[in-house]
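Chain by chain, the residues:
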Amino acid sequence: MNFEAARQAFYEECEELLAAMESALLAVEASSGSARAEHLNAMFRAAHTIKGSAGLFDFGEVVAFTHLCESVLDRVREGEVPITPALIELLFDCRDRIELLVAAVRSGRPAEPAPSTEAGLRSYLGGPQPAAAKAVAVDSRSKVEIEAGGDHLVSSDHWHISLRFGPDVLRNGMDPISFIRYLATIGRIVYLTTLYDLLPEPDLMDPESCYLGFEIEFAAGPQVDKLTIESVFDFIRDDSKVRILPPHAHIAEYIRLIREMPEGTSRLGEILVRGGALTPGELDEVLGIQRDRAEAGEPQQLGTLLVEEQLAPPQAVAAALDKQREHAAQKTREHRVVRVDAGRLDALIDLVGELVIAGAAAQLSASQSGNGALIEAVASLGQLVERIRDEALGLRMVPVGEIFGRFPRVVRDAARELGKDIQLEMSGEETELDKSMVDRIADPLVHLVRNAMDHGIEPTERRRAAGKPDYGTVWLNAFHESGSVVIEVGDDGGGMERQRILRRAIERGLVAPDEVLSDQQILQLVFEPGFSTAETVTSLSGRGVGMDVVKRNIEALKGQIEIDSGEGEGTVIRLRMPLTLAIIDGFRVGVGGVSFVIPLDMVLECLDLPIEQAQADSHYLNLRGEVLPYLPLRTLFEIDGPPPGRPAVVVVQYGEQRAGLVVDRLEGELQAVIKPLGQLFRGVKGLGGSTILGSGAVALILDVPDLIQRAIRDERRRLAQGTARQSRRLAVREEREQ
């Protein structure tokens with residue numbers, strides 16, 4: 001991976017981690033106890049990972065701020081800082097600040113400073129503190145803390161060295177005291193206790209054996225670490241027991257180093273060595289002990305042995321185990337997800353599209369050749385192409401939950417701003433949608449949700465008077481239906497007042513006073529530019545700006561918007577989106593010399609159009625008791641040529657609406673690669689694209705939702721005209737009779 005690709009991966013990873021931080025923070029706010037602790041850990045890990053990755057690219061400002069944020073989170077995890085509403089608000093600001101800083105480095109522009117956020121963080125770290133707390137801190141520093149840990153003592157300020165010389169030290173020509181003198185050259189021996197517990201009875205004593213031991217309190221000099229101290233005893237390391245316990249300050253430093261360690265090391269011992277809590281010699285020693293015990297049939301975990309043998313502080317071992325688990329989780333994620341540039345997926349799908357077209361051409365040639373073996377081979381190939389197509393298209397599909405994940409924060413912040421108690425419910429997050437559509441549908445959804453909260457949910461007093469719960473509910477739901485993806489934004493608020501909307505539309509000249517509109521047509525008026533019935537303007541909505549943009553964005557994606565609202569019962573807005581934009585299963589029909597393709601999942605059935613019905617003026621059928629409007633495609637697209645003796649009707653459905661399309665002939669199913677319309681056809685209504693057939697000819701893909709709407713609209717107009725003519729005839733007859 002080149003450097004630029006690595007940077008892109010960092011930005012994408014940051015988006016995921018920031019989303020994880022936000023989810024964790026929302027969970028922290030709503031949980032307690034161990035669950036809250038786990039969510040805090042998740043938030044800490046996300047901040048820590050962002051900091052580590054940012055450091056690789058030298059994004060200093062991101063590193064500095066996330067470090068500050070991480071330090072506060074660490075204190076919260078340790079219980080040193082209580083979780084309060086003010087702290088949660090500050091952490092939300094921190095999450096937003098990190099997002100801003102990452103966006104700034106991505107765009108190459110400097111980020112606006114946020115001194116109040118940084119000052120807020122510092123106040124939890126050592127900035128302005130209450131006087132009492134400061135006094136306690138000073139007192140704790142001046143006190144030399146001693147705590148018991150088994151049979152050894154640890155000073156909070158000094159190293160503690162526990163030294164047991166081997167019996168052959170003297171015999172090997174070593175002077176035990178010389179090691180103590182050498183130790184004094186790299187620091188100061190604060191206290192030394194000589195141990196005689198191994199001395200035998202005088203008559204059993206061997207004058208050439210060493211029975212000495214020392215417990216040493218040692219103040220190390222600057223730059224002296226555990227490895228340096230251990231090197232003092234290199235010559236007796238093999239036959240003596242040396243335990244070096246660090247001061248408390250060093251333990252905290254080990255833990256910090258382990259937590260900040262970049263990914264790449266997964267073994268417990270290596271983590272501790274790299275963090276400075278364990279020396280390589282100590283690691284070899286404990287691994288030897290572990291090996292010996294395993295051979296003796298007493299296997300033991302390395303972490304347990306390290307603590308038991310007092311080779312590493314328990315706190316550092318615990319931190320290293322956390323790091324090991326974090327690394328394992330990261331490896332699992334890496335193995336589960338492979339990041340691929342969206343452009344490469346698009347290129348793959350384009351190639352699959354060409355493969356589909358070439359397969360159709362091969363199938364046609366095989367069919368014309370009459371060679372049975374060839375036809376069978378091409379058919380098998382076609383099945384494989386179809387499977388490759390489905391798999392390739394599936395690569396671009398992502399769960400709608402990717403968008404839904406941002407709404408808990410949106411609802412939380414907007415509810416506070418509006419002073420309303422509103423809960424969010426989500427379902428259908430696993431419903432999949434094309435990635436390109438997911439990116440473009442997010443903003444319209446945010447607008448609809450904020451609008452529902454502002455105008456849909458009533459104030460508490462009105463809800464109580466209406467017998468509703470004090471809290472309002474806004475929900476998001478997604479599901480598949482008739483070859484499309486439906487996303488619902490609903491609320492249990494006051495609903496839309498049709499008469500009020502109509503009155504406002506008449507005032508603005510959008511509707512004539514005597515015009516008769518259906519309920520759906522009245523509700524759709526809210527999507528007119530600048531339309532608003534709001535009495536007051538809030539920071540969220542009310543200016544009539546936004547709903548028209550929502551409609552325009554959805555229609556640009558070939559989607560539709562439906563509204564279902566009952567006064568006092570709430571509102572549901574449904575966004576009906578096509579499942580994919582690349583390759584579809586189609587049903588091919590012909591009119592004259594032109595071929596059309598209808599998306600197969602919108603086809604319900606095919607039937608013959610009776611001759612008398614084809615010659616009638618009305619354009620509707622009685623389909624098993626249901627009135628079915630239909631459109632003759634020959635008339636609609638002005639196609640010349642003699643009409644067929646017996647035309648066919650293809651019954652199509654989109655959402656809850658149905659209509660019939662009258663065609664000359666039915667030509668069967670095919671896979672259609674959607675191509676954009678040429679310049680000549682771009683202004684033609686009822687067409688959604690084009691595709692290339694196996695013969696090399698071009699077929700036009702029908703825009704079924706638009707055609708259904710047109711069929712319904714035309715039939716209503718004919719009914720209205722017929723009613724008007726009937727009324728005029730009655731009026732003339734009455735005049736004559738008078």
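Criteria and thresholds
Residues numbered from 1 in each chain as written. Predicted model: local features only at pLDDT ≥ 70, side-chain atom pairs only at ≥ 80, totals over all residues. Heavy atoms only, no water. Helix = DSSP H or I, 4+ residues; strand = E, 2+ residues; numbered from the N terminus. Buried < 20%, exposed > 50% of the residue type's maximum accessible area, 1.4 Å probe, protein only. Contact = heavy atoms within 4.5 Å. Areas by Shrake-Rupley, 256 points an atom, 1.4 Å probe, with all protein chains shown as cover. Arc of directions from axis to C-beta. Pairing = 2+ DSSP bridges. Axes fitted to C-alpha atoms, helices over the stretch in contact; angles between N-to-C directions. Phe/Tyr/Trp six-rings, centres within 6.5 Å; stacked < 30°, edge-to-face > 60°. Lys NZ or Arg CZ within 6 Å of the ring centre and 35° of its normal. Patch = residues over 30% accessible without salt bridge, like charges linked within 9 Å, V, L, I, M, F, W, Y side chains within 5 Å. Salt bridge = Lys/Arg side-chain N within 4 Å of Asp/Glu carboxyl O. Disulfide = S-S within 2.5 Å.

### Brief notes about the overall build of the protein
- Counting secondary structure elements, the protein contains 25 helices and 23 strands.
- Buried residues in the protein amount to 42% of all 738 residues.
- For the protein, restricting intrachain contacts to residue pairs at least 6 apart in sequence, the fraction spanning at least 24 positions comes to 69%.
- Here the protein has roughly 38800 Å² of accessible surface; of this, 52% comes from carbon and sulfur atoms.

### Describing unusual backbone geometry
- The phi dihedral of Arg624 is positive, around 50°, even though this residue is not glycine.
- Residue classification places Arg624 among the exposed positions, given a relative accessible area of 67%.
- Positive phi, close to 55°, is recorded for Glu638, a residue that is not glycine.

### Here we look at helix H22 (residues 547–556)
- Taken as a whole, H22 has its buried residues at Met547, Asp548, Val550 and Ile554. The buried side chains of H22 occupy one side of the element, clustering within an arc of 155° when seen end-on.

### Looking at the sheet that holds strand E5 (residues 213–220)
- Read across the open sheet, the four strands follow the order E4-E5-E3-E6; overall the sheet is antiparallel. Both edges of this open sheet fall to strand E4 (187–195) and strand E6 (241–245), since each of them pairs with a single strand only. Taken over all neighbouring pairs, the strand axes of this sheet differ in orientation by 15° on average, direction set aside.
- For E4 and E5, the ladder comprises eight bridges, and the chain directions are antiparallel. Residue Tyr191 lies in a different strand from E5, and its bridge partner there is Glu217.

### Focus: the pairing of strand E14 (residues 583–591)
- Summarising burial for E14: seven of the nine residues are buried, a large majority.
- Pairing between E14 and strand E21 (residues 665–673): eight bridges, direction antiparallel. If you follow Asp585 over to E21, its bridge partner there is Gln671.
- As defined by bridge partners, E14 adjoins strand E15 (residues 594–599) across six bridges and the pair is classed as antiparallel. The residue bridging Val589 from the neighbouring strand is Phe596, located in E15.
- The hairpin turn running from E14 into E15, its antiparallel successor, is two residues long, and Gly592 in that turn takes a positive phi close to 60°.

### Things to note about the packing of aromatic side chains
- This model, assessed by the stated rule, comprises four aromatic pairs.
- Relative to Phe637, the ring of Phe596 lies with its centre 5.3 Å away and its plane at 25°, an arrangement referred to as stacked. Linking Phe596 in strand E15 with Phe637 in the loop between helix H24 (633–636) and strand E19 (648–654), this pair joins segments that are 41 residues apart in sequence. In this structure, Phe596 and Phe637 share a single accessibility class: buried.
- Put simply, the rings of Phe165, Phe179, Phe214 and Phe233 touch in pairs and so form one group of aromatic residues.
- Between the NZ or CZ atom of Arg576 and the centre of the ring of Tyr654, over which it lies, the distance is 5.8 Å.

### Considerations on a nonpolar patch on the surface
- A contiguous nonpolar patch, built from Tyr196, Leu199 and Met205 and spanning about 300 Å² of accessible area, is present on the exposed surface.
- Positionally, Tyr196 belongs in the loop between E4 and E5.
- For Tyr196, a relative accessible area of 53% gives the class exposed.

### Thoughts on the pairing of E5
- Counting buried positions along E5 yields seven of eight residues, so the element is predominantly enclosed.
- As paired elements, strand E3 (residues 159–164) and E5 share six bridges and run antiparallel to each other. Each residue of the ladder has a partner; that of Trp159, found in E5, is Phe218.

### Some thoughts on the sheet that holds E14
- Overall, mixed pairing links the five strands, which are arranged E21-E14-E15-E23-E22 in an open sheet. The strands lining the two open edges of the sheet, one partner per strand, are E21 and strand E22 (687–692). The sheet shows a mean angle of 35° between the axes of neighbouring strands, taken without regard to direction.
- Set on the sheet, helix H14 (residues 342–369) makes contact with E14, E21 and E22; between it and E21 the angle comes to about 150°.

### Focus on the state of the cysteines
- Under the criterion given, the structure shown has zero disulfides.
- Among the cysteines around Cys69, which has no disulfide bond, Cys94 carries the closest sulfur, lying 4.3 Å off.
- We classify Cys94 as buried; its relative accessible area is 0%.

### Overview of the environment of Glu376
- Within the secondary structure, Glu376 sits in helix H15 (residues 372–395).
- Considered as a pair, Glu376 and Gln363 are 13 residues apart in the sequence and their alpha carbons are 9.5 Å apart.

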